[in-house]
Amino acid sequence: MTESLRLVVVTGLSGSGKSTAIHVLEDLGFYCIDNLPLVLIPRFLELWESSREELRRVALGLDVRERHFLDEFPRVFQDLRARDLLLEVLYLEASDDVLIRRFSETRRPHPAAGGGVIEDGIRRERERLRGLREIADRILDTSALTVHELRTALRDLAGRPETDTMTIALVSFGYKFGLPTDADVALDCRFLPNPFFVEELRQKTGTDQAVADFVLGREETQEFLKRVVDLLDFTLPRYRREGKSYLTIAVGCTGGRHRSIVLVEELRKRLEQRGHRVLVRHRDAER
């Protein structure tokens, strides 16, 4: 039996790292085409179907640079999902301030700014791509990701062996810096005593054993963790049943350096013990 084509469509906001993602996927063994016109995608698939090349993993970079993209993508994606292939739409985004900084550093004009200010272009593009974001299989916020962290996230995507498995991304964050925009579930742990107000713990982070002991040694922490794991035991199989392959769970405290990190690391252990695939990112640990 011929193996189905694995097709990853990389799209999202300008400046969010789509070109970097394409390069990373290429390094991971995908055949990559950036900015392929939508009208050529069916023709590309026809060529693949008639080819004898052992081409099984393809990544396409698509965005608003293609003139008819916004008008045509619903029809094209519907056609792709009807074909005998494994399709995943990866949508990249970042916060406005990060996008403004990236465009300012590169001195490139924003494609949706129309010669005006970058902020207006970002706002306009974000609104225009709202429908595309809603149909994405996976949303990745690159605001706080280094190239190395982006590579790690994409390596997991590329290496997932089965279509019915699900990866859980645990993200610690600080509410003072805003909610992660790619979170599917957000948990607030600010009700727990804050190590920041303990002088000997203030300069440490949740990866330090002393901070972990302070947070995990409390009965309310253990009760919270138990209830969270019970909730996930109930919901994760149902997310998987609905075809979700990637779930981002964000755990937040005030600054994202103590309590949230401890809880994410503890949740990682408990979920891995249950056989789940888990990725961890501490978004605000260095702020």
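Residues numbered from 1 in each chain as written. Predicted model: local features only at pLDDT ≥ 70, side-chain atom pairs only at ≥ 80, totals over all residues. Heavy atoms only, no water.

## Observations concerning the packing of aromatic side chains
Item 1. This model, assessed by the stated rule, comprises four aromatic pairs.
Item 2. The residue whose ring lies beneath Arg238 is Phe234, and the NZ or CZ to ring-centre distance is 4.0 Å.
Item 3. The residue whose ring lies beneath Arg287 is Phe177, and the NZ or CZ to ring-centre distance is 4.4 Å. (Phe/Tyr/Trp six-rings, centres within 6.5 Å; stacked < 30°, edge-to-face > 60°. Lys NZ or Arg CZ within 6 Å of the ring centre and 35° of its normal.)

## Remarks on the nonpolar core
Item 1. In this structure, Leu7, Ile41, Phe77 and Leu80 are the most contacted members of the largest nonpolar core, which totals 34 residues.
Item 2. Counting residues per element, the ones that place at least two in this core are strand E1 (5–12), helix H2 (41–50), strand E3 (57–61), helix H3 (69–82), strand E4 (85–93), helix H4 (96–106) and helix H5 (118–128).
Item 3. Ranked by residues supplied to this core, first place goes to H3 with five residues.
Item 4. Among residues more than four places away in sequence, those in contact with Leu80 are Leu7, Ile41, Leu45, Leu85 and Leu87. (Core = buried A, V, L, I, M, F, W, Y, C linked by side-chain atoms within 4.5 Å. Buried < 20%, exposed > 50% of the residue type's maximum accessible area, 1.4 Å probe, protein only. Helix = DSSP H or I, 4+ residues; strand = E, 2+ residues; numbered from the N terminus. Contact = heavy atoms within 4.5 Å.)

## Points about the sheet that holds E1
Item 1. The strand order across the open sheet formed by five strands is E2-E3-E1-E4-E5, and the pairing between neighbours is parallel. Strands at the two margins of the open sheet, each flanked by one partner only, are strand E2 (31–34) and strand E5 (138–141). Strand after strand, the sheet turns through a mean of 20° between neighbouring axes, direction not considered.
Item 2. Judged from the five bridges that link them, E1 and E3 form a sheet pairing that is parallel. Considered in E3, the bridge of Val10 is made with Gly61.
Item 3. Running over the sheet, helix H1 (residues 18–27) touches E1, E2, E3 and E4 and is turned about 160° from E1. (Pairing = 2+ DSSP bridges. Axes fitted to C-alpha atoms, helices over the stretch in contact; angles between N-to-C directions.)

## Structural notes on H3
Every α-helix winds through 3.6 residues per turn, so residues three or four apart in the chain are directed the same way.
Item 1. With 14 residues, H3 should cover 20 Å at 1.5 Å per step; its first-to-last C-alpha distance of 19 Å lies within 8% of that length.
Item 2. For H3, the principal kink sits at Arg75 and spans about 25°.
Item 3. Listed in full, the buried residues belonging to H3 are Phe69, Phe73, Val76, Phe77 and Leu80.
Item 4. Buried residues in H3 make contact with E1, H2, E4 and helix H6 (130–135). (Expected span 1.5 Å × (residues − 1). Bend = angle between axes of the 7 residues up to and from the residue.)

## Quick word on the sheet that holds strand E9 (residues 277–282)
Item 1. Ordered by their spatial adjacency, four strands build an open sheet running E7-E8-E6-E9, and the pairing between neighbours is parallel. At either margin of the open sheet sits one strand with a lone partner, and together these are strand E7 (185–188) and E9. Strand-to-strand, the axes of this sheet are offset by a mean angle of 20°, without reference to chain direction.
Item 2. The sheet contact formed by E7 and strand E8 (residues 246–253) spans four bridges and is parallel. Note on E8: the bridge partner recorded for Asp188 is Gly252.
Item 3. Against the sheet, helix H9 (residues 219–241) touches strand E6 (167–174), E7 and E8, its axis set at about 175° to E7.

## Quick word on the packing of H9 against helix H10 (residues 259–273)
Item 1. With their axes 11 Å apart at the nearest point, H9 and H10 run at an angle of 50° to one another. The orientation of H9 relative to H10 falls into the category oblique. Here H9 runs over H10; the crossing is right-handed. Here Thr221, Gln222, Phe224, Leu225, Lys226, Val228, Val229, Leu232 and Leu236 of H9 come into contact with H10, specifically with Leu263, Glu266, Leu267, Arg270 and Leu271.
Item 2. Residue composition of the contact of H9 with H10, by class: nine nonpolar, two polar and three charged. (Parallel < 35°, antiparallel > 145°, perpendicular 65-115°, else oblique. Left-handed = near helix turned anticlockwise from the far one by under 90°. Nonpolar A, V, L, I, M, F, W, Y, C, P; charged D, E, K, R; others polar.)

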